[in-house]
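# Residue-level structural notes
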Amino acid sequence: MDEDYDVIVLGTGLTECILSGVLSVEGKKVLHIDRQDHYGGESASVTLSQLYAKFKQNPLTKEDIEQKFGRDRDWNVDLIPKFLMANGELTNILVHTDVTRYVEFKQVSGSYVYSKGKVYKVPANEMEAISSPFMGIFEKRRMKKFLEWIGDYKEDDPKTHLGLDLDNNTMEEVYYKFGLGSSTKDFIGHAMALWTNDDYLQQPARPTFERIVLYVQSVARYGKSPYLYPLYGLGELPQGFTRLSAVFGGTYMLNTPVDKVLYTEDGKFKGIVTKEGTARAPLVIADPTYFPDKCQSTGQKVIRAICILDHPVPNTANADSCQIIIPQSQVGRKNDIYIAVVSDTHHVASKGYYLAIVSTIIETDKPHIELEPAFKILGNIEERFMGIAEIFEPKEDGSKDNIYLSKSYDASSHFESMTDDVKDIYFRVTGQPLVLKKREDAEPEQ
């Protein structure tokens, strides 16, 4: 390999794979490399034996694992759990790029929220809202008025605004207008708008309004819950975009460490040297691990606990999958705790087993104890694997040296912040906003 490319991409995290897929479709000559031998980078899906090897000092043998938990290859465990919003940006990207032909999805059965020591279902429609024990009768009426305002709101019709200005009124002021109580505010802000803390209350209402609209539209699309999840785990997503890129001429090399990065005399990216030879390109897109000196910590660390259960989570109506949000105010914290539950129906575990992955932003020097409220909800845990990850972001926008870096995956339970990052990098690389046109030239699979 001694070749020129339009773009070199380093790392096969989802952000990098989407960008290489989109740029390949646009006719760019893309070389995509990862030092690891599997797709997905930090967000890969792994087998149980890989999980033991990664997290346990004395891992069980494959035979012991299979005796205890069934066939190793039946397990596809996400290292970073997230769900897709049915109407969210990632779903739009999947549909427009036609990657849906490579990946099959199943709806997540329900969304739940923890309040006053109990787990409640987030109502998916008006009937559920009326019968939900979560709110009293008067609070239900106020909530109904609030949701009607959201649904009827038209930017160009001031009569629908009810005297509220989304850019000048804070969300706290909007709640006050409708007389909503603190647990309902918790519910709307954390289970519907999916904020991870309460900072949003003092900020203009528009971002929260838009998040609630996305939630409501996502629920309306399929009912039950706003979330989708790919069969065989999230590792299917980067692979889907990889196949898209390959169809359009992208070149992939796994298990290929970068030996050296080449620069021009004025400090711009010029290419890389690997065991296969030299590849040149005017720019590189990479995950933070490839250029640690060009990244900085956000000051936040996420703790994630992957728990194996042999039973559905109590109080979730035996759901085969769900999300449970523990709002920070309910457990005296600054950040929410998320629980993502999937099971053998998604082909990510052996028959009869469930995976519950708990995550939150660390606030103390005893992070394992911070997850206790979630462990109590889960009941008996067969096995757990804990990991801590620091969140990194690029120091600069890449325009100086043509090195465009993605951000680490945050603690949020969905992919909206990741797709914002994709659109941001695309804009910096091309100077154009990412406009997704439906692929009419979808080529038949070879």
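Rules of the game
- Residues numbered from 1 in each chain as written.
- Predicted model: local features only at pLDDT ≥ 70, side-chain atom pairs only at ≥ 80, totals over all residues.
- Heavy atoms only, no water.
- Helix = DSSP H or I, 4+ residues; strand = E, 2+ residues; numbered from the N terminus.
- Rg over C-alpha atoms; globule rule 2.2 N^0.38 Å.
- Buried < 20%, exposed > 50% of the residue type's maximum accessible area, 1.4 Å probe, protein only.
- Contact = heavy atoms within 4.5 Å.
- Areas by Shrake-Rupley, 256 points an atom, 1.4 Å probe, with all protein chains shown as cover.
- Lys, Arg positive; Asp, Glu negative; His and termini not counted.
- Charge placed at Lys NZ, Arg CZ, Asp CG, Glu CD.
- Salt bridge = Lys/Arg side-chain N within 4 Å of Asp/Glu carboxyl O.
- Axes fitted to C-alpha atoms, helices over the stretch in contact; angles between N-to-C directions.
- Parallel < 35°, antiparallel > 145°, perpendicular 65-115°, else oblique.
- Left-handed = near helix turned anticlockwise from the far one by under 90°.
- Domains from an automatic or database assignment.
- Phe/Tyr/Trp six-rings, centres within 6.5 Å; stacked < 30°, edge-to-face > 60°.
- Pairing = 2+ DSSP bridges.
- Core = buried A, V, L, I, M, F, W, Y, C linked by side-chain atoms within 4.5 Å.
- Polar contact = N/O pair within 3.5 Å; in protein donor to acceptor, adjacent residues only side chain to side chain.

On to the overall build of the protein chain. Each helix and strand counted, the protein chain has 13 helices and 21 strands in total. A compact globule built from 446 residues should have a C-alpha radius of gyration of about 22 Å, and the protein chain, at 23 Å, falls within 12% of that. With the C-alpha coordinates of the protein chain rotated into their principal frame, the extents come out at 70 × 60 × 50 Å. Among the 446 residues that make up the protein chain, the fraction classed as buried is 54%. Long-range contacts, defined here as pairs at least 24 residues apart, represent 72% of the contacts in the protein chain between residues at least 6 apart. On the protein chain, roughly 19900 Å² of surface is accessible, and the fraction owed to carbon and sulfur atoms is 49%. Of the charged side chains in the protein chain, 51 are positive and 65 negative, and the gap between their average positions amounts to 4 Å.

Note on placement: Ser-111 falls in strand β8 (residues 110–115). Among the residues examined, Ser-111 registers a relative accessible area of 1% and is labelled buried. With residues near it in sequence (within four places) discarded, Ser-111 still touches Tyr-120, Lys-121, Val-122, Tyr-215, Ser-225, Pro-226, Tyr-227 and Gln-323.

Attention shifts here to the pattern of salt bridges. Applying the stated criterion across every chain yields a total of 20 salt bridges. Asp-410 serves as the salt-bridge partner of Lys-82, at 2.8 Å between the closest nitrogen and oxygen. Placement of the pair is Lys-82 in the loop between β5 (77–78) and β6 (84–85) and Asp-410 in the loop between β21 (403–405) and α13 (416–430), with a sequence separation of 328 residues. Between Glu-139 and Arg-142 there is a salt bridge, with its nearest N and O atoms 2.8 Å apart. Taken as a pair, Glu-139 and Arg-142 lie in helix α6 (residues 137–152) at a separation of 3 residues, close to a single helical turn. Owing to a relative accessible area of 11%, Glu-139 belongs among the buried residues under this scheme. Through salt bridges with shared partners, one network takes in Asp-2, Asp-4 and Arg-280.

This part takes up the packing of α6 against helix α7 (residues 171–178). For any two helices packed against each other, the geometry comes down to the angle between their axes and how far apart the axes lie. Remark: α6 packs on α7, axes separated minimally by 9 Å, with the N-to-C direction vectors making an angle of 125°. Between α6 and α7, the interaxial angle falls into the category oblique. Between α6 and α7 the crossing geometry is right-handed. The segment α6 lies against α7, with Arg-142, Lys-145, Phe-146 and Trp-149 engaging Met-171, Val-174, Tyr-175 and Phe-178.

It is worth spelling out the domain arrangement of the protein chain at this point. By a widespread convention, an interface's size corresponds to the accessible area lost as its parts come together. Structurally, the protein chain comprises domain 1 (2–43 + 235–296 + 393–430) and domain 2 (127–221). Its C-alpha centre places domain 1 at a distance of 38 Å from the equivalent point of domain 2.

Here the structure, examined in full by the defined rule, presents 19 aromatic pairs. Consider the rings of Phe-146 and Phe-178, whose centres lie 5.5 Å apart with planes at 85°: the pair is edge-to-face. Of the two residues, Phe-146 sits in helix α6 while Phe-178 sits in helix α7, which places them 32 residues apart along the sequence. Note on accessibility: Phe-146 and Phe-178 belong to one class, buried. Geometrically, the ring pair formed by Trp-149 and Phe-209 is edge-to-face, given 5.7 Å between the ring centres and 70° between the ring planes. Of this pair, Trp-149 sits in helix α6 while Phe-209 sits in helix α9 (residues 206–222), placing them 60 residues apart in sequence. Taken as a pair, Trp-149 and Phe-209 share a single burial class, namely buried. The structure contains a cluster of three or more aromatic residues connected by ring pairs, namely Phe-146, Trp-149, Tyr-153, Tyr-175, Phe-178, Trp-195, Tyr-200 and Phe-209.

Turning next to the sheet that holds strand β7 (residues 105–107). Pairing in this open sheet of 3 strands is antiparallel, and the strands run β6-β10-β7 from one edge to the other. Strands at the two margins of the open sheet, each flanked by one partner only, are β6 and β7. Examined bridge by bridge, β6 and strand β10 (residues 227–230) share 2 bridges and lie antiparallel to one another. Across the sheet, the residue bridging to Leu-84 is Leu-228, located in β10.

Among the nonpolar cores identified, the biggest contains 94 residues, and Phe-146, Trp-149, Phe-187 and Ile-285 are the most heavily contacted of them. It is helix α1 (residues 14–25) that provides the largest number of residues to this core, a total of 6 residues. Each of domain 1 (2–43 + 235–296 + 393–430) and domain 2 (127–221) gives at least three residues to this core. Apart from the residues lying within four places of it in its own chain, the contact partners of Ile-285 are Val-7, Ile-8, Val-9, Leu-10, Leu-19, Leu-23, Tyr-404, Ile-425 and Val-429.

Classification of Lys-82 by relative accessible area gives buried; the value is 3%. In this structure the side chain of Lys-82 is engaged in a polar contact, spanning 2.8 Å, whose partner is the side chain of Asp-410. Polar contacts involving the side chain of Lys-82 include one to the main-chain carbonyl oxygen of Ser-412, which spans 2.8 Å. Ignoring any residue separated from it by four or fewer positions in sequence, one finds Lys-82 in contact with Tyr-229, Leu-234, Tyr-409, Asp-410, Ser-412, Ser-413, His-414 and Phe-415.

Turning our eyes to something else, we now look at the sheet that holds strand β2 (residues 7–10). The sheet built from 5 strands is open, its strands ordered β11-β3-β2-β15-β21 with parallel pairing. Looking at strand neighbours, the two that pair on one side only are β11 (251–253) and β21, the edges of this open sheet. Recorded for the sheet is a direction-independent mean angle of 15° between the axes of neighbouring strands. As paired elements, β2 and strand β3 (residues 30–33) share 4 bridges and run parallel to each other. By the bridge assignment, Val-7 is partnered in β3 with Val-30.

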